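Structure assessment
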Amino acid sequence: DLRKQEAHSFRHYSCAHGLGHGFMAAYENELFESLKACDTLTDAWEKEACYSGIFIENATAIDPSRPSKYLKADQPLYPCTEVGARYKNKCYEHQIAYTLYTQNDDYTKVFDLCATVAEEDSRPACYRGLGGSAAAHSIKYVTGDEAKAEAARKLCMLGEDNEARSNCVMGAVRNFIHYYNGDEQAKALCESLDANLRTVCLRRSEDENFA
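Residues numbered from 1 in each chain as written. Predicted model: local features only at pLDDT ≥ 70, side-chain atom pairs only at ≥ 80, totals over all residues. Heavy atoms only, no water.

1. A look at the side chain of His-12
Along the polypeptide, His-12 turns up in helix α2 (residues 10-26). A distance of 2.7 Å separates polar atoms of two side chains, one belonging to His-12 and the other to Glu-46. If near-sequence neighbours (up to four positions away) are discounted, His-12 is found in contact with Leu-2, Arg-3, Glu-6, Ala-7, Trp-45 and Glu-46. (Helix = DSSP H or I, 4+ residues; strand = E, 2+ residues; numbered from the N terminus. Polar contact = N/O pair within 3.5 Å; in protein donor to acceptor, adjacent residues only side chain to side chain. Contact = heavy atoms within 4.5 Å.)

As structure tokens, this is what we get:
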């Protein structure tokens, strides 16, 4: 019903995304079996949302009471390096939270891991994951829209090149918009950037949906 009546809405996304979390519970954190379950969905957009639920569930399974065998501190971007090509982008986007955890929140180190470990086609997704984490950090620890934007901007500017910085900004914009269900904080970030990145940032802010 949501697919027909509220396509690509937050409720539609939450339903498909929640399936991913549910499959991980049903299959007892067996990531590859859960991904196969998402693949039974017939809608490509819903599959992507479902994959996100799985990879978030896996990346946050650091509680000893519900461990994941698909997390390796010495290979912090695993399992993204091993999953099939169609899963990689969602995996890298959500694996970054765990990767930062293993690297003591050293964004420079994780930017380097994205550049050297992630496959070329998936590097942008890895950088977007860093942007999402930068926004999440500022949302949690910084007060005031301008200060939040500046905190996220500083972290994204640790990227060594335009590919890294621009994708990080896009990931931050996405997280700001989804968290606040609006674009004020995202636009504050965009306005704090140099001209070339500002254009990319504003375009992302205008185009953002729940995909």
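2. Topic: the packing of α2 against helix α3 (residues 31-38)
One can describe the packing of α2 onto α3 by two numbers: an axis separation of 9 Å at closest approach and a directional angle of 135°. The orientation of α2 with respect to α3, classified from their angle, is oblique. Crossing angle aside, the handedness with which α2 passes α3 is right-handed. Of the residues in α3, those in contact with Gly-20, Phe-23 and Met-24 of α2 are Leu-31, Ser-34, Ala-37 and Cys-38. Its residues placed into classes, the contact of α2 with α3 shows 5 nonpolar, 2 polar and no charged. (Axes fitted to C-alpha atoms, helices over the stretch in contact; angles between N-to-C directions. Parallel < 35°, antiparallel > 145°, perpendicular 65-115°, else oblique. Left-handed = near helix turned anticlockwise from the far one by under 90°. Nonpolar A, V, L, I, M, F, W, Y, C, P; charged D, E, K, R; others polar.)

3. Things to note about the nonpolar core
Judged by nonpolar contacts, the single largest core of 51 residues is most densely connected at Leu-35, Phe-55, Ile-96, Leu-130 and Val-173. In contact with Ile-96, other than residues within four places in its own chain, are Leu-77, Val-110, Cys-114, Cys-126, Gly-129, Leu-130 and Ser-133. (Core = buried A, V, L, I, M, F, W, Y, C linked by side-chain atoms within 4.5 Å. Buried < 20%, exposed > 50% of the residue type's maximum accessible area, 1.4 Å probe, protein only.)

4. Things to note about the pattern of salt bridges
Taken as a whole and assessed by the stated rule, the structure comprises 11 salt bridges. Linking Arg-86 and Asp-39 is a salt bridge whose minimum nitrogen-to-oxygen distance equals 3.1 Å. With Arg-86 in helix α5 (residues 85-102) and Asp-39 in the loop between α3 and α4 (44-59), this residue pair connects regions lying 47 residues apart in the sequence. Note that Glu-93 and Arg-128 form a salt bridge whose closest N and O atoms lie 3.2 Å from each other. Remark: Arg-128 occurs in helix α7 (residues 123-141) and Glu-93 occurs in helix α5; sequence separation between them is 35 residues. A relative accessible area of 17% places Glu-93 in the buried class. (Salt bridge = Lys/Arg side-chain N within 4 Å of Asp/Glu carboxyl O.)

5. Digging into the side chain of Arg-123
Tracing the backbone through its elements, the reader meets Arg-123 in helix α7. A polar contact of 3.3 Å, which involves the side chain of Arg-123, links it to the side chain of Glu-163. Excluding anything up to four places from it in sequence, Arg-123 contacts Cys-114, Ala-115, Ala-118 and Glu-163.

6. With respect to the packing of aromatic side chains
Applying the stated criterion across every chain, the model contains 7 aromatic pairs. A ring pair is formed by Tyr-51 and Tyr-87, whose centres lie 4.8 Å apart and whose planes are at 85°; its orientation type is edge-to-face. Here Tyr-51, found in helix α4, pairs with Tyr-87, found in helix α5; they are 36 residues apart in sequence, far enough to count as distant. For the pair Tyr-51 and Tyr-87, a shared accessibility class is recorded, and that class is buried. (Phe/Tyr/Trp six-rings, centres within 6.5 Å; stacked < 30°, edge-to-face > 60°.)

7. Regarding the environment of Pro-79
Turning to its location among the elements, Pro-79 is positioned in the loop between α4 and α5. Given a relative accessible area of 0%, Pro-79 falls into the buried group. Sequence separation of Pro-79 and Phe-32 is 47 residues, and the distance between their C-alpha atoms is 9.8 Å. Those residues in contact with Pro-79 that sit more than four places away from it in its chain are Leu-31, Asn-58, Tyr-70, Cys-91 and Gln-95.

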